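# A closer look at the structure
Each chain, letter by letter, is given below.
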Amino acid sequence: MKQCWRWFGPDDPISLPELHQVGVEGIVTALHGLQPGEIWNKSVILERQESLRANGFEWDVVESLPVSEAIKTQRPEAKSHIEAYKASLQNLAELGIETVCYNFMPILDWTRTELRAQQFHGGAAMSFDLVDFAVFDLFILKRSSAPSDYPSAVCHEAEKRFSEMSDTAKTTLQHNIIAGLPGANDAWDIEDVHGLLATYKDITAERLRSNLIDFLAEVAPVAQSLGMRLCCHPDDPPFSLLGLPRIMSSTDDYAAVLDAVDLDANGATLCTGSLGVNSGFDGPEFVRRLGPRIHFAHLRNTTSSSSLDPNRPNFFEAPHLGGDTDMVGTVQALMAEQAQRKASGRKDWQIPMRPDHGQELLHDCGGHSTPGYPLLGRMRGLAELRGVMATCGNSN
Ligand code: DNO
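Here we summarise the structure given alongside this text. Just so you know, these numbers come straight off a predicted model, no measurement behind them.

### Quick look at the pairing of strand β1 (residues 2-6)
Most of β1 sits inside the fold, with four of its five residues counted as buried. Here β1 runs beside strand β12 (residues 352-355); their pairing, made up of two bridges, is parallel. Residue pairing in the sheet places K2 in a bridge with P352 of β12. Relative to strand β2 (residues 26-29), β1 runs parallel, the two sharing three bridges. Paired with W5 across the strands is I27, a residue of β2. This β-α-β element, β1 to helix α1 (residues 16-22) to β2, shows right-handed connectivity.

### Overview of the side chain of Q49
Position of Q49 among the secondary structure elements: in helix α2 (residues 42-53). If sequence neighbours within four positions are ignored, Q49 has contacts with W59, L95 and I97.

### Notes on the site of the ligand
Neighbouring the ligand are 14 residues; E63, S64, N103, H357 and Y373 lie closest to it. Between D109 and the ligand, the recorded distance is 3.0 Å, taken from a side-chain N or O atom to an oxygen atom. Residue H233 places a side-chain N or O atom 3.2 Å away from an oxygen atom belonging to the ligand. In isolation the ligand exposes 330 Å². Once the protein is present, 100% of that is buried. According to the grid-proximity analysis, the pocket containing the ligand is the largest cavity. Top element by residues in the shell around the ligand is strand β4 (residues 99-103). It accounts for three residues. Looking at side-chain class alone, the shell around the ligand contains five nonpolar, five polar and four charged residues.

### Notes on helix α6 (residues 152-163)
Its 12 residues place the ends of α6 17 Å apart at the C-alpha level, agreeing with the 16 Å of an ideal helix rising 1.5 Å per residue. Turning to α6, its buried residues are V154, C155 and A158. For α6, the arc enclosing every buried residue in end-on projection is 100°, short of the 170-degree limit, so these residues lie on one face. Exposed and oriented more than 90 degrees from the buried face of α6 are S152, H156 and S163. As for α6, its buried residues are in contact with α5 (130-140).

### Quick word on the packing of aromatic side chains
Centre distance and the angle of the planes are the two values used to describe a pair of aromatic rings. One pass over the structure, following the stated rule, counts 13 aromatic pairs. Ring plane angle 90° and centroid distance 6.1 Å describe the contact between W110 and Y373, whose orientation is recorded as edge-to-face. Taken together, the residues span a long stretch of sequence, with W110 in the loop between β4 and β5 (114-118) and Y373 in the loop between β12 and α14 (375-391) at a distance of 263 residues. Among the aromatic side chains, those forming a connected cluster through ring pairs are F128, F133, F136, F239 and F315. Taking NZ or CZ as reference, K170 lies 4.3 Å from the ring centre of F162, over its face.

### What to know about the sheet that holds strand β8 (residues 266-271)
Pairing is parallel in the closed barrel, where eight strands are placed in the order β1-β2-β3-β4-β7-β8-β9-β12. This sheet shows a mean twist of 30° between the axes of neighbouring strands, independent of strand direction. Pairing of β8 with strand β9 (residues 294-299), which is carried by four bridges, proceeds in the parallel orientation. What sits directly across from C271, in β9, is H298.

About the criteria used
Residues numbered from 1 in each chain as written. Predicted model: local features only at pLDDT ≥ 70, side-chain atom pairs only at ≥ 80, totals over all residues. Heavy atoms only, no water. Buried < 20%, exposed > 50% of the residue type's maximum accessible area, 1.4 Å probe, protein only. Helix = DSSP H or I, 4+ residues; strand = E, 2+ residues; numbered from the N terminus. Pairing = 2+ DSSP bridges. Right-handed = clockwise from strand over helix to strand, strands pointing away. Contact = heavy atoms within 4.5 Å. Near = heavy atom within 4 Å. Polar contact = N/O pair within 3.5 Å; in protein donor to acceptor, adjacent residues only side chain to side chain. Areas by Shrake-Rupley, 256 points an atom, 1.4 Å probe, with all protein chains shown as cover. 1 Å grid on protein atoms, 1.4 Å probe; cavity = no way out; pocket = protein on both sides within 12 Å on 5 of 7 lines; lining within 4 Å. Sits in = over half its atoms within 2 Å of the grid points. Nonpolar A, V, L, I, M, F, W, Y, C, P; charged D, E, K, R; others polar. Expected span 1.5 Å × (residues − 1). Arc of directions from axis to C-beta. Phe/Tyr/Trp six-rings, centres within 6.5 Å; stacked < 30°, edge-to-face > 60°. Lys NZ or Arg CZ within 6 Å of the ring centre and 35° of its normal. Axes fitted to C-alpha atoms, helices over the stretch in contact; angles between N-to-C directions.

If you want it as C-alpha cells, here you go:
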C-alpha cells in the first residue's frame, strides 16, 4: 500500500520536509478553506499541488471534497452544488488527482466527547462517552426529542453529571463535539445545529440512503469517465447521534450503496477505526467482499466498552495494533487484494493508506498537536503498520 499521511495544509504544525523522516510516501489533503458547494478552481488546486511537489510529494488523495448539507437533504441548492462537485472533479482530474474521499454523515462529521483522555502510559487519546454526549444533547443543546433517544438510565446519569460539571467543562464538551475536530465539514455553534437539525426533520435513514444514491448516480459516472475513484468514508461513530440517521455504518451498508451505482468509480474508504466500533465488524471480511472497490484505507484501532445503551458503546482510540479490530488480518487481506489487482493488470493496484489518528505520545503532549493527528503517535502507527505490510512479502 502507498504509505500516505494526512496533512492539513500550510497551517499544519507538521512541515512537509519533516514527513520524509517519517517515511511518508504520499499526501492526503484538502482545500479546507473552501466551503461545501464551492467549486475547486484549477489555480487553487495547482497551488497546493505545487507546494507538495516542491517538497517531493504528490497529492495522492483528496480528503475530503465535502458534500454539502443541501445535497444530503436535497434542498433546492443541491442542484448547483452537484454541478460544482462535478466541476471540481473535472479540475482535479485535469491535474492528475484521481482519488477523492467524502462522507455522507448528517451535520456532524466525526464525533468525540474527549480529545485528550489520559492513558495509562502517560500519553492521551481521543474518546467517546455516551453519557457525556447525552449531557451535551439533553442539557446544552436542549434538543426537544433528545429524552426519548436514550434509555432512562443514560438520562439519569447525564443529569447527575451535568449538575456536577463546571462551566468550563460544559464549554469544552460543546467545543469537542461541534467545533473541535480538524477536517470536519464545518464548525457550528448551538444555533447552527438547531437550524440544521430542522432541515433533517423528514429525513429517515431510507431517505438519506436514497439521497446518497441519487448523488452518486449523478457524480459517479462523471468520475468514472474522468478515470477517478470516489470513496465514501464510514460514519464515525457508526451509530445514530442527535436523532439523525447514519447510513454507512456496516459492511452491508457499503454493499448496498456500491451495488446501487455499480461503477468502479463508486468506491469505499475502509476506515477500520470507524467501522470497528461495532462489535460485529470484521475487517478481513469487508476486504474480501468489497476489495476491488476499496480505493483508500484509514488504518486505526479502537477499544470499545459497553455503555448504558446496548447499541451505542463507549470507546477510545487504541494503538494501531491494539484495540478490537483485527488489524493484522485486515492489512493481510488488503495486501492480497493488491496482489490480485496487480496480477489482473489493474493500473490502480496500489491502495493508498494512511495511519489514521494516533495517540498523543511524548512530545505530542502539551496541547500543541492537532487533535487526533499528532506526529509521534501517527509515526508509531505508521511504523507498526509498515512492519505488518513487510511480513506480507512486499512492503508496497
Ligand atoms: C477524521 C476523518 C474524517 C474524514 C471525513 C471524510 O479523522 O477520518 O473527518 O476525513 O469523514 O469525509
